[in-house]
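Below are the chains, spelled out letter by letter.
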Amino acid sequence: MTEASESAHRADKFIAIDGPAGSGKSSVSKAIARRLGYGYLDTGAAYRALAWQVLERGADTADADAVRSAASDFPLIQRLDPDDRHVLVGDANVTDAIRDPRVSAAVSGVARVPEVRVQVNEMFRRMVAEADYPAVVVEGRDITTVVAPDAPVRILLTAAPEVRAARRAGELGGSDPVAVAAALHKRDASDSSVVDFLNAAPGVDVVDSTELDFSQTIDAVLAVIERRRDADKERHHGR
Ligand SMILES: Nc1ncnc2c1ncn2[C@@H]1O[C@H](COP(=O)(O)OP(=O)(O)OP(=O)(O)O)[C@@H](O)[C@H]1O
Ligand SMILES: Nc1ccn([C@@H]2O[C@H](COP(=O)(O)O)[C@@H](O)[C@H]2O)c(=O)n1
């Protein structure tokens, strides 16, 4: 855990959640944060905002130098309130723009640049350490393995690929479901060559929502949090 130990880091404040695209990370994490009075950090939004900035400069995210250059001057503003979804880059409100299919298709290029990952991971750890919340639900692809491998609660949230694609297509209502599924699987294939979020690392709990509705998924995640916290308390008392 060399990367994490170099920065301001409060592993105890992390509820770490990873998973593939469309697995429910953001909707479930937000609901958990609201329920428990915690902060919520959507790390994918930061990668998306950086991809937006690269595109805004007329560059290509496949160009690692252009990505590094954009990252060296990246005034991201993102809050931890689960009810505040605003994302700004400097004065530009990019809240909706970062969800554009153009950004979704380009974001994996940004995620492939190792120096950028180190930079944003430092930022995520700092945001959590300084947060005015007892804990923060942090979701992404490498939170359980790289950003906070020492967090007391680490969850891989997953669902069958066809179920994730159908849920995403339903959300985008009117979009071609075949194209939506293809874009989602293409992004997963590219992203999973950088970090493994398809298999749970040792000690990470899996919540598979394939057969669960939204509220059952929230209950399953809450049950993991409670169980892991109880185990953590017992470990500390036993010392
Ligand atoms: N258990 C569930 N049952 C039914 N629908 C669900 C469930 N979990 C999530 N959803 C829905 O699936 C869609 C995708 O969820 P969400 O956007 O939270 O996924 P995500 O993992 O954050 O995706 P991405 O990584 O692409 O941002 C949303 O419409 C959400 O409401
Ligand atoms: N920890 C993370 C989070 C995200 N990414 C990259 O950002 C993209 C967008 O993420 P969403 O959660 O909004 O889908 C994702 O496709 C990854 O390329 C990442 O690398 N690490």
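This structure is a prediction, so every number in the text was calculated from the model and none was measured.

## Overview of the site of ligand 1
The environment of ligand 1 is made up of 18 residues, and the closest members are K25, S26, S27, R168 and T217. Residue G24 places a main-chain N or O atom 3.0 Å away from an oxygen atom belonging to ligand 1. A distance of 2.9 Å separates an oxygen atom of ligand 1 from a polar side-chain atom of R168. Look at ligand 1: alone it shows 640 Å² of surface, and the protein chains cover 82% of it. Elements with a minimum of two residues in the shell around ligand 1: α2 (25-36), α8 (161-171) and α10 (214-237). Residues of the shell around ligand 1, tallied by class, amount to four nonpolar, seven polar and seven charged.

## Brief notes about the sheet that holds strand β6 (residues 136-140)
Pairing within the open sheet is parallel, and its five strands lie in the order β2-β6-β1-β7-β8. The sheet terminates laterally at β2 (39-42) and β8 (205-208), the two strands that pair on one side only. Neighbour-to-neighbour, the strand axes of the sheet open up by a mean angle of 25°, direction not taken into account. Of the pairings in the sheet, the one linking strand β1 (residues 14-18) to strand β7 (residues 153-158) comprises four bridges and is parallel in character. Bridge assignment links I15 to a residue of β7, and that residue is V153. Sitting on the sheet, α2 touches β1, β2, β6 and β7, and the angle it makes with β6 is about 175°.

## Regarding the UniProt feature "binding site: ATP" (unreviewed entry) in the chain
Within the UniProt annotation, "binding site: ATP" (unreviewed entry) is assigned to G19, P20, A21, G22, S23, G24, K25, S26 and S27. Residue position: G24 is located in the loop between β1 and α2. Overall, the relative accessible area of 18% leaves G24 in the buried class. Beyond its immediate sequence surroundings of up to four residues, G24 is in contact with S29 and L157. Ignoring any residue separated from it by four or fewer positions in sequence, one finds K25 in contact with D18, G19, P20, E139, G140, R141 and L157.

## Comments concerning the pattern of salt bridges
The tally for this structure, following the rule as stated, stands at 14 salt bridges. For R68, the salt bridge goes to E115, with nearest N and O atoms at 3.1 Å. Of this pair, R68 sits in helix α4 (residues 64-71) while E115 sits in helix α6 (residues 114-130), and the two are 47 residues apart along the sequence. The partly exposed category is assigned to R68, whose relative accessible area is 32%. With relative accessibility at 42%, the residue E115 sits in the partly exposed group. When salt bridges that share partners are traced, they join D65, R68 and E115 into one network.

## As for the domain arrangement of the chain
Taken domain by domain, the chain holds domain 1 (1-38 + 136-239) and domain 2 (43-132). One C-alpha centre belongs to domain 1, the other to domain 2, and the line joining them spans 19 Å. Counting residues at the interface gives 25 residues for domain 1, matched by 23 residues for domain 2. Buried area between domain 1 and domain 2, both sides added, is near 1,900 Å², and the carbon and sulfur share of it is 52%. Here domain 1 and domain 2 share 11 residue pairs in polar contact (both at pLDDT 80 or more) between them. When residues of the side of domain 1 that touches domain 2 are traced back to their parent elements, those giving at least two are α1 (2-5), α2, β6, α7 (143-147) and α9 (177-191).

## Remarks on the environment of L36
Relative to the helices and strands, L36 is located in helix α2. Through-space distance from the C-alpha of L36 to that of E56 is 37 Å; in sequence the pair is 20 residues apart. Those residues within four positions of L36 in sequence are excluded, and the remaining contacts are L222 and I225.

Cut-off values and rules
Residues numbered from 1 in each chain as written. Chains lettered and ligands numbered in written order. Predicted model: local features only at pLDDT ≥ 70, side-chain atom pairs only at ≥ 80, totals over all residues. Heavy atoms only, no water. Near = heavy atom within 4 Å. Polar contact = N/O pair within 3.5 Å; in protein donor to acceptor, adjacent residues only side chain to side chain. Areas by Shrake-Rupley, 256 points an atom, 1.4 Å probe, with all protein chains shown as cover. Helix = DSSP H or I, 4+ residues; strand = E, 2+ residues; numbered from the N terminus. Nonpolar A, V, L, I, M, F, W, Y, C, P; charged D, E, K, R; others polar. Pairing = 2+ DSSP bridges. Axes fitted to C-alpha atoms, helices over the stretch in contact; angles between N-to-C directions. Contact = heavy atoms within 4.5 Å. UniProt positions renumbered as here; feature names shortened; annotations may be inferred. Buried < 20%, exposed > 50% of the residue type's maximum accessible area, 1.4 Å probe, protein only. Salt bridge = Lys/Arg side-chain N within 4 Å of Asp/Glu carboxyl O. Domains from an automatic or database assignment. Buried area = accessible area lost by both parts, 1.4 Å probe.

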